[in-house]
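Each chain, written out:
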Amino acid sequence: MFVFPLYLSYSYLLICYAGVHLASAAVGKNIFLLSGQSNMSGRGGVVNSTWDGYIPPESSPNPAILRLTANLTWVPAAEPLHRDIDIAKVCGVGPGMAFANYLLRKNPSIGVVGLVPCAIGGTNISEWVRGGYLYKQMMRRAAAAVAGGGTIRGLLWYQGESDTLTLEDAEAYKNRLRRFFFDVREDLHLPVLPIVQVALASESGPYTNVVREAQLEMKLANLKTVDAMGLSLQQPENLHLTTPSQVSLGKMLTKAFLQVCHYYHL
């Protein structure tokens, strides 16, 4: 048995988790919600609406990693993770598989990792408001994920490009994002749920700096922010992360998550 303690600013939470095997994966999954917009959904390797099909070793399938499909069944995970979720656009490599593989590499005894893709490209934070379609779909998928056993361990969130287009949205972003995080924790009945968010990598709109500032200045218990600025972007669009950048981001997300948990002493 390994112990999964979380360092909190206002309390210390100790979670114990018994090791599992794939045969009993439904009982003991460590579940992560992957949400936001296109860079979480994954556009690595997608050029001119065509995915090149390349999957780097860091993002390869692993028998200890599962994915919740659009019809709410668990299957072995493989890129593109969002292929049946973000169906309006062509999906490629995202950060999810690299995250899960690196997490298992840091501690194989963690058992089974269950990834729940929820991201939809081109979405504004206002579309993720509690009661809205995207929010309800995410909660529906989260409920289905734990129905057969397992525990939601964290939320990985990468969103904000669509909020850089107008000053009104950019200035409202910080309060909207904070409300979203509070609502997710409340509705999942996980008041100290670890959240790792990504600060924007691309200059999507004229108010990118306003949104990035909101992301980087967000201070909540058990929230870590990783900065994607500087990771390589696909050309000529200069918007979506390349496949190597998605691998790098996956590792950054893992390190940030483990820093929240403060167990592995990285």
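Residues numbered from 1 in each chain as written. Predicted model: local features only at pLDDT ≥ 70, side-chain atom pairs only at ≥ 80, totals over all residues. Heavy atoms only, no water.

By the naming in an unreviewed UniProt entry, the protein chain is Sialate O-acetylesterase domain-containing protein, taken from Lactuca virosa.

The next thing to look at is the overall build of the protein chain. Helix and strand counts for the protein chain stand at seven helices and 11 strands. Across the 266 residues of the protein chain, 56% fall into the buried class. For the protein chain, restricting intrachain contacts to residue pairs at least 6 apart in sequence, the fraction spanning at least 24 positions comes to 75%. For the protein chain, the computed accessible surface area is about 11,000 Å², with 57% contributed by carbon and sulfur atoms. (Helix = DSSP H or I, 4+ residues; strand = E, 2+ residues; numbered from the N terminus. Buried < 20%, exposed > 50% of the residue type's maximum accessible area, 1.4 Å probe, protein only. Contact = heavy atoms within 4.5 Å. Areas by Shrake-Rupley, 256 points an atom, 1.4 Å probe, with all protein chains shown as cover.)

On to the packing of aromatic side chains. Enumeration over the complete set of coordinates arrives at eight aromatic pairs. Measuring from centroid to centroid gives 5.0 Å for Phe 32 and Phe 257, while their planes differ by 85°, and the two rings are edge-to-face. Of this pair, Phe 32 sits in strand β3 (residues 30-36) while Phe 257 is found in helix α7 (residues 243-261), placing the two residues 225 residues apart along the sequence. Comparing Phe 32 with Phe 257 shows no difference in burial state: the two are buried. (Phe/Tyr/Trp six-rings, centres within 6.5 Å; stacked < 30°, edge-to-face > 60°.)

The side-chain alternation of strand β6 (residues 65-68) yields two buried faces, one formed by Ile 65 and Arg 67 and the other by Leu 66 and Leu 68. Strand direction decides the pairing type here: β6 and strand β8 (residues 113-117), joined by three bridges, are parallel. When the bridges of β8 are listed, Leu 66 appears paired with Gly 114. Relative to strand β7 (residues 74-76), β6 runs antiparallel, the two sharing three bridges. (Pairing = 2+ DSSP bridges.)

Across the five residues of β8, five count as buried, placing the element largely inside the fold. The sheet contact formed by β3 and β8 spans five bridges and is parallel. Each residue of the ladder has a partner; that of Ile 31, found in β8, is Gly 114.

Their axes nearest at 11 Å, the elements helix α4 (residues 133-147) and helix α5 (residues 167-187) cross at an angle of 35°. Once α4 is placed against α5, the crossing between them reads as right-handed. Here α4 contributes Tyr 135, Met 138 and Met 139 to the contact with α5, which in turn contributes Phe 180, Asp 183, Val 184 and Asp 187. Its residues placed into classes, the contact of α4 with α5 shows five nonpolar, no polar and two charged. (Axes fitted to C-alpha atoms, helices over the stretch in contact; angles between N-to-C directions. Left-handed = near helix turned anticlockwise from the far one by under 90°. Nonpolar A, V, L, I, M, F, W, Y, C, P; charged D, E, K, R; others polar.)

Take the sheet that holds strand β9 (residues 151-158) next. Strands pair in a sheet through their backbones, by hydrogen bonds, and they do so in one of two ways: parallel or antiparallel. Taken in spatial order, the seven strands of this open sheet run β7-β6-β8-β3-β9-β10-β11, and their pairing is mixed. Strands with a single pairing partner mark the edges of an open sheet, and in this sheet they are β7 and β11 (223-227). Averaged over neighbouring strand pairs, the angle between their axes works out to 25° when direction is ignored. When strand β10 (residues 195-199) meets β11, the two strands line up parallel, connected through five bridges. Paired with Ala 199 across the bridge in β11 is Asp 227. Strand contacts of helix α3 (residues 96-106): β3, β6, β8 and β9, with the helix running at about 165° to β8, the strand carrying the most contacts. Helix α6 (residues 208-217) rests against β10 and β11 of the sheet, and its axis sits at about 150° to β10.

Another aspect to go through is the side chain of Ser 35. Counting through the fold element by element, Ser 35 comes out in strand β3. Not counting residues within four places of it along the chain, the set of residues in contact with Ser 35 comprises Met 40, Cys 118, Ala 119, Trp 128, Met 138, Leu 155, Leu 156, Trp 157 and Tyr 158.

Let's shift gears to the pattern of salt bridges. Counted under the stated rule, the structure contains nine salt bridges. Asp 227 serves as the salt-bridge partner of Arg 212, at 2.7 Å between the closest nitrogen and oxygen. Separated by 15 residues along the polypeptide, Arg 212 in helix α6 and Asp 227 in strand β11 bring together distant segments of the chain. We classify Asp 227 as partly exposed; its relative accessible area is 32%. Several salt bridges converge on common partners, so that one network encompasses Arg 130, Arg 179, Asp 183, Glu 186 and Asp 187. (Salt bridge = Lys/Arg side-chain N within 4 Å of Asp/Glu carboxyl O.)

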